[in-house]
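Residues per chain, in single letters:
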Amino acid sequence: MTRYPRWKFFLLMAVLFVCGLYALPNLFPDAPAVQISSAKAGGVVSDSASQRVLRQLDQAGLEHGPGEHIDGGSWLVRFSDNDSQLRARELLAGSLGDDYVVALNLAPTTPGWLRAIGASPMNLGLDLRGGVHFLLQVDMDAVVNQRMEAWAGQIKLALKNEGIRYRDVQQDGQQLRVQFANSEDADSARTLLRNALPEFSLDSEPEQRVLVFNLNPTALKEMQDYAVDQNRTALNNRVNELGVAEPVVQRQGADRIVVQLPGVQDAAQARRILGRTATLEFRLVNQDYPASRAATGVAPPGTEIFPFRSQGDRPVILDRAKIATGDEVTNAQMGFDPQNGTPQVNVSLDSAGARRMQRVTSQNVGNPMAVLFIETKTEMRSRTNENGETEQVPVSTTDRYVINVATIQDTLGSRFRITGLDSPAEASELALLLRAGSLAAPVTIIEERTIGPSLGAENIEAGLKSMALGMVLVLVFMLVWYKVFGIFANVALVGNLLIIVGIMSLIPGATLTLPGIAGIVLTVGMAVDANVLIYERIREELKKGVRPRQAIDEGYAKAFSTILDANITTMIVAVILFSAGTGSVQGFAVTLFIGILSSMFTAIVGTRAMVEMVYGRGARPPAKLSI
Amino acid sequence: MSNKAPFSINFLGIRRVFAALSIILVIGSIGLLATQGLNLGMDFTGGTSVVAKGENEVIIDDVRSALEGTPFEEATVVRYGSPRDISIRVPTLNDMPADQVGPRLTEVVESKLPGVKVLQVEFVGPQVGDELRDESGLALLMALGLMLVYVWFRFTNKFGVATVVALLHDVIIVLGLFSLTRWTFDLTVLAAVLALIGYSLNDSIVVADRIRENFRDTRETDPEKIINGSLNETLSRTINTSFTTLLVLIALFFFGGEVMRAFSEALLVGIAVGTYSSIYVVTNMLFLMKVDKQDFIIPEKKEVDDMP
């Protein structure tokens, strides 16, 4: 028998040691905790605030940890159980007010030396830890339409500036048609517009007197990418404002965004905050026309008419020009009017907005200014299409109304307040939306999965139970059927499990889901296949009268190509499943793939090493194998 | 050769009976799939599903009567694991925005049924459902296609055809069973079917490999004897591997909870069928194609003299 290479022993030991080390943190279950962070970007939790929190928790009789500062200026208190965690959050959310965000979190209990080498427990999917999963569809048509309208305006302006007369500029999908009275005008506009609109390609003359511009696919894609990224950023800000620990906000495909909020139980609030596209505009109230003019509904030039919500939707005429918009808001906090106790939002503007605000208000002291509230709502509506089928399409409606008209008392700068809000809840939501920024395009929720935390715990238990039972059944079977060689296979199987858990914990993006656990369980059953193949071969060789050591060699050598086949087919399937599946099913593909690789390693290299240790070292070759 | 096999069962004596059985099952399955299709889960159809738990046993009829007179009369109410758990599934409604169904249904359930709490709400928009359905069908075809390519590289024609037919046989019968029983076919079941594709092919390859090896290595010329010997030699491996896999699936079936039930059902049936097909379908196909020793003689390089 050839000597078994020593480096394989070392490799085996090294892999087991590293994976074992990184699998260790999973033995330390996360502790329920409440995380407190400042509502201001970059703000920190002050010592006085944290002392106050600890006092309140003591008064409420809640058992708690000493509290600790964590990354990003947040502060965290641990609790012994979920119940006191939930009670603590309710208590603190009420008492800390708007300056701090109170969120449920899980604090790692991994010992410091393990954290120092970057070891952490596996990420658990939402089906195991509870939470809400949303898939949001960005309304691309709205994005395109908005931009196309802007371009149409640009064309008109350019033609006007050059003194070229045109009949009409029409927008048709991703196409702009500019009509002229005669072909001379069209000719003179051609070069001008071609240079002014690099994002478009000029259609080869379908007819004279008309120029047709088609939006380039690259420009369209850029526009859509920008809208989706902008939305992702805004959603990310909102989710952070909601106080969710470890949220996921990711782009998926061309026009979708996945939002995962672990631990969130109030899906309704999350849904409301995510989908809202509320923003504000500050405009001057136009006083050149009498109120009767407003009642006609036809706006005089340069103005627009909007209802004043708190005054029975009385129409108000506003100037078209905006002094400032919600996009220029740098900070917004809910507060209360010190005089009458009504809710208000304190707003800070950026420098551009503040400059304009200052200039306009200084010239208009004594005149009224209005705050215009703009909100786009998108709903899925049923519609019958041309084939007579019912389909659901997103329909966006925009509400605009005046929430407040106030006389400008003095020159306003970068900071002022907005009143006229219905309730503290509305004020707080408006403040949140202004802080987080508006969405570049309306979104609709097209998929939602909410898993309660108790169901998540049940799923973990079910997964672990079936894994333990499956494992024990297989271990017993292998021991009874293959005796000492069965023990080798069993040790390899346990090592295999260790490697899977270690690798899953090592890969930062890998997430364990319930189907993922099923993948591990299935690998446990299929992993011994390699050993079964090898051992059956060894038995056959022994029956043929081959000497034990040679039988071992033959068994491992002859079974190898079959084992490889078996695993390649399943690996192909795992890759397909990963690319086609979503969320939890991808978790299955991941564990299946890792499980196959590690089981090949342990079942071939691992058992061989053990066989060598027992049957290979002695001076005399073994007379019999226990197989 | 037969002296080394641990078993000496005459598998091929009744191969015609099993050939008939397989043909009937496959045709029956295709017929079922064509006429009544699969009971597709919410992942593929879109709609809303709610899982709720009561403090005590929840009576299904109570839930149904609670939903009467609400927009959710069409809902499917079924038990979900324990007697305290129920699942309510509502198809996409025409007169209600799809993302509103979950919250409103939760309200109805929790207000009309005291003690019942909603644990889980899932809503899949109709367009997402359509896409998942298309993607899943594509994944299934892609998996089968790639297996075909793999087998084509791995085997001579006759063995390749035999293993692929065995693979299709297994997948069609499992899908047929899901059609017959109206078990819900969702994403996790699809994952199970794909896992089955890998498993079934592997099982057939092990058997086919041995048959090929024996055709090359023995003096025996009777294909029937060679194949029967090969089946006996690989029998304990075939049974042992299937058995250990079945053991873990049984554990999943009983303890994996409701989510994993359909997954383990699909694989339990699939592996039983796959084990059978690796023995009978592969060999029947080989006989049908009249495999013999000639197929395994390594061809000598041809002279170019057959060119004019």
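Residues numbered from 1 in each chain as written. Chains lettered and ligands numbered in written order. Predicted model: local features only at pLDDT ≥ 70, side-chain atom pairs only at ≥ 80, totals over all residues. Heavy atoms only, no water.

K.L.:
Got a minute to help me understand the overall build of chain A in this structure?
P.N.:
When you go through chain A residue by residue, the secondary structure sums to 16 helices and 23 strands. A compact globule built from 627 residues should have a C-alpha radius of gyration of about 25 Å, whereas chain A, at 34 Å, is more than 25% larger. In terms of overall dimensions, chain A has C-alpha extents of about 110 × 75 × 45 Å along its principal axes. Counting across all 627 residues of chain A, residues that qualify as buried make up 50%. Restricting to contacts in chain A with at least 6 residues of sequence separation, those with at least 24 account for 71%. A total of about 28,800 Å² of accessible surface is found on chain A, and carbon and sulfur atoms cover 52% of it. Between the centroid of the 58 positive side chains of chain A and the centroid of its 63 negative side chains there is a distance of 7 Å. (Helix = DSSP H or I, 4+ residues; strand = E, 2+ residues; numbered from the N terminus. Rg over C-alpha atoms; globule rule 2.2 N^0.38 Å. Buried < 20%, exposed > 50% of the residue type's maximum accessible area, 1.4 Å probe, protein only. Contact = heavy atoms within 4.5 Å. Areas by Shrake-Rupley, 256 points an atom, 1.4 Å probe, with all protein chains shown as cover. Lys, Arg positive; Asp, Glu negative; His and termini not counted. Charge placed at Lys NZ, Arg CZ, Asp CG, Glu CD.)

K.L.:
Help me understand the overall build of chain B in this model?
P.N.:
When its secondary structure is counted, chain B shows nine helices and six strands. Its C-alpha radius of gyration of 25 Å places chain B more than 25% over the 19 Å reference for a compact globule of 308 residues. Each charge class in chain B was averaged separately, 26 positive and 36 negative side chains, and the resulting centres sit 8 Å apart.

K.L.:
Sorry if this is basic, but what is going on with empty space enclosed by the protein here?
P.N.:
Over the atoms a probe the size of a water molecule is rolled, and this reveals where empty space is left. Scanning the entire structure with this criterion turns up three cavities of 30 Å³ or more. Along its surface, the largest cavity is lined by 16 residues, and Met526, Ala527, Asp529, Asn567 and Ser599 of chain A are the ones closest to its centre. Elements represented by at least two residues in the lining of the largest cavity include exactly α14 (514-543), α15 (548-580) and α16 (583-615) of chain A together with α7 (187-217) of chain B. If one sorts the elements of the lining of the largest cavity by residue count, α14 of chain A sits on top with six residues. For the lining of the largest cavity, the class distribution of residues is nine nonpolar, six polar and one charged. (1 Å grid on protein atoms, 1.4 Å probe; cavity = no way out; pocket = protein on both sides within 12 Å on 5 of 7 lines; lining within 4 Å. Points joined across faces, edges and corners; volume = space filled by probe spheres on them. Nonpolar A, V, L, I, M, F, W, Y, C, P; charged D, E, K, R; others polar.)

K.L.:
Explain the sheet that holds strand β18 (residues 343-349) of chain A here, please?
P.N.:
Within a beta sheet, neighbouring strands are joined by backbone hydrogen bonds and run either parallel or antiparallel to one another. All names here are of chain A. The three strands lie next to each other as β17-β18-β21, forming an open sheet whose pairing is antiparallel. Two strands close off the open sheet at either side, each with one partner strand: β17 (329-336) and β21 (415-418). For this sheet, the mean inter-axis angle between neighbouring strands, taken without regard to orientation, is 25 degrees. Here helix α12 (residues 424-436) sits on the sheet and contacts β17 and β18; the angle it forms with β17, its principal contact strand, is near 165 degrees. (Pairing = 2+ DSSP bridges. Axes fitted to C-alpha atoms, helices over the stretch in contact; angles between N-to-C directions.)

K.L.:
Quick question: what am I supposed to make of the interface of chain A and chain B here?
P.N.:
Size of an interface: often given as the accessible area lost when the parts come together. Residue-level contacts link 62 residues of chain A with 67 residues of chain B. If you look at where chain A meets chain B, you find eight salt bridges. Elements with a contribution of two residues or more to the side of chain A that touches chain B: β6 (131-138), β19 (368-384), β20 (390-407), β22 (443-451), α13 (453-506), α14, α15 and α16 of chain A. When its residues are assigned to classes, the side of chain A that touches chain B shows 32 nonpolar, 15 polar and 15 charged. Pairing of β22 of chain A with strand β5 (residues 117-124) of chain B, which is carried by five bridges, proceeds in the antiparallel orientation. The residue bridging Arg449 of chain A from the neighbouring strand is Glu122 of chain B, located in β5 of chain B. (Salt bridge = Lys/Arg side-chain N within 4 Å of Asp/Glu carboxyl O.)

K.L.:
What am I meant to see in the nonpolar core here?
P.N.:
One broad trend across soluble globular proteins is that nonpolar side chains are buried collectively. If you look at the biggest cluster of nonpolar residues, it comprises 129 residues, and the most contacted ones within it are Phe485, Tyr535 and Ile538 of chain A together with Ile197 of chain B. By residue number, the principal contributor to this core is α7 of chain B, which donates 18 residues. Excluding residues that lie within four positions of it along the chain, Ile538 of chain A makes contacts with Phe485, Ala551, Ile552, Gly555, Tyr556, Leu625 and Ile627 of chain A. (Core = buried A, V, L, I, M, F, W, Y, C linked by side-chain atoms within 4.5 Å.)

K.L.:
When you look at the environment of Val124 of chain B in this model, what are you seeing that I'm missing?
P.N.:
Checked against the element boundaries, Val124 of chain B lands in strand β5. The buried category is assigned to Val124 of chain B, whose relative accessible area is 0%. Setting aside its immediate chain neighbours within four residues, Val124 of chain B contacts Ile446, Glu447 and Arg449 of chain A together with Met42, Asp43, Gly46, Gly47 and Gly129 of chain B.

K.L.:
Any chance you could explain unusual backbone geometry here in plain terms?
P.N.:
Trans peptide bonds make up the majority, and among non-glycine residues the majority have a negative phi. Not every positive phi belongs to a glycine, and Arg182 of chain B is a case in point at roughly 60 degrees. Looking at where Arg182 of chain B falls in the secondary structure, it is placed in the loop between α6 (157-181) and β6 (184-185).

K.L.:
Mind showing me how you'd approach helix α4 (residues 101-112) of chain B here?
P.N.:
The α-helix winds at 3.6 residues per turn, so residues separated by three or four positions along the chain end up facing the same way. Residue and element names in this part refer to chain B. Counted at 1.5 Å a residue, the expected span for α4 with its twelve residues is 16 Å, and the 16 Å between its end C-alpha atoms agrees. When we look at burial in α4, the residues that qualify are Val101, Gly102, Leu105, Thr106, Val108 and Val109. Each buried residue of α4 lies within a common arc of 165 degrees when the element is viewed along its axis, so the set occupies one face. Seen from the buried face of α4, the exposed residues on the opposite side, beyond 90 degrees, are Glu107 and Ser111. Taken together, the buried residues of α4 touch β2 (47-53), α3 (60-67), β4 (82-90) and β5. (Expected span 1.5 Å × (residues − 1). Arc of directions from axis to C-beta.)

K.L.:
Sorry, what's going on with α13 of chain A here?
P.N.:
Taking 1.5 Å per residue as the helical rise, α13 of chain A with its 54 residues ought to reach 80 Å, whereas the 25 Å between its terminal C-alpha atoms falls clearly short. A maximum bend of about 145 degrees is found in α13 of chain A at Tyr482 of chain A. (Bend = angle between axes of the 7 residues up to and from the residue.)

K.L.:
When you look at the sheet that holds strand β9 (residues 200-202) of chain A in this model, what are you seeing that I'm missing?
P.N.:
All names here are of chain A. Spatially, β7-β8-β10-β9 is the arrangement adopted by the four strands of the open sheet, whose pairing is antiparallel. The outermost strands of the open sheet, each flanked by one partner alone, are β7 (168-172) and β9. Strand-to-strand twist of the sheet, defined as the mean angle between neighbouring strand axes without regard to direction, takes the value 25 degrees. Pairing of β7 with strand β8 (residues 175-179), which is carried by five bridges, proceeds in the antiparallel orientation. Residue pairing for β8: Asp172 is matched across the bridge by Gln175.

K.L.:
Explain the pairing of strand β12 (residues 256-262) of chain A to me, please; I cannot follow it from the model alone.
P.N.:
Side chains on a regular strand alternate between the two faces of the sheet. All names here are of chain A. Within β12, six of the seven residues are buried, leaving the element largely enclosed by the surrounding structure. Bridge analysis of strand β11 (residues 248-252) against β12 gives five bridges, and the strand direction is antiparallel. Each residue of the ladder has a partner; that of Arg251, found in β12, is Ile257. Counting the residues between successive antiparallel strands, the hairpin from β11 to β12 contains three residues, one of them, Gly253, with a positive phi of roughly 70 degrees.

K.L.:
Would you mind going over the pattern of salt bridges with me for this structure?
P.N.:
Any two side chains of opposite charge can pair, given that their charged atoms come close. Inspection of the entire model under this criterion finds 36 salt bridges over all chains. The residue Arg190 of chain A makes a salt bridge to Asp187 of chain A at a minimum N-O spacing of 3.1 Å. Pair noted here: Arg190 of chain A and Asp187 of chain A are both in helix α7 (residues 183-196), with a separation of three residues, about one helical turn. The partner of Glu458 of chain A in a salt bridge is Lys53 of chain B, with the nearest N and O atoms 3.4 Å apart. Taken as a pair, Glu458 of chain A in helix α13 and Lys53 of chain B in strand β2 lie in two separate chains rather than in one.

K.L.:
Explain the side chain of Thr275 of chain B to me, please; I cannot follow it from the model alone.
P.N.:
Residue and element names in this part refer to chain B. Here Thr275 is to be found in helix α9 (residues 257-288). Here Ser242 takes part through its side chain, which lies 2.7 Å from a polar atom of the side chain of Thr275. A distance of 2.6 Å separates a polar side-chain atom of Thr275 from the backbone oxygen of Ile271. Beyond its immediate stretch of four places on either side in the chain, Thr275 contacts Asp203, Thr238 and Ser242. (Polar contact = N/O pair within 3.5 Å; in protein donor to acceptor, adjacent residues only side chain to side chain.)

K.L.:
So what exactly am I meant to see when it comes to the environment of Val285 of chain A here?
P.N.:
Residues and elements named next belong to chain A. In this structure, Val285 sits in the loop between β13 (277-284) and α10 (291-296). Residue classification places Val285 among the buried residues on the basis of a relative accessible area of 15%. Each C-alpha atom of the pair Val285 and Gly606 lies 81 Å from the other, and the pair is 321 residues apart in sequence. Not counting residues within four places of it along the chain, the set of residues in contact with Val285 comprises Val316, Ile317, Leu318, Pro368, Met369, Ala370 and Val405.

K.L.:
I would appreciate a short explanation of the layout of surface pockets in the present structure.
P.N.:
Residue and element names in this part refer to chain A. Reported here for the second largest pocket is a volume of approximately 1,200 Å³. Along its surface, the second largest pocket is lined by 41 residues, and Gln146, Ser438, Leu439, Ala440 and Ala441 are the ones closest to its centre. Per-class residue counts for the lining of the second largest pocket are 16 nonpolar, 15 polar and ten charged.

K.L.:
For this particular structure, what's the right way to read the pairing of strand β14 (residues 303-308) of chain A?
P.N.:
Residue and element names in this part refer to chain A. Direction of pairing for β14 relative to strand β15 (residues 314-319): antiparallel, over a ladder of six bridges. Its bridge partner being in β15, Phe306 is matched across the sheet by Val316. Here β14 folds back onto β15, and the loop between the two strands holds five residues, one of which, Gly312, carries a positive phi near 60 degrees.

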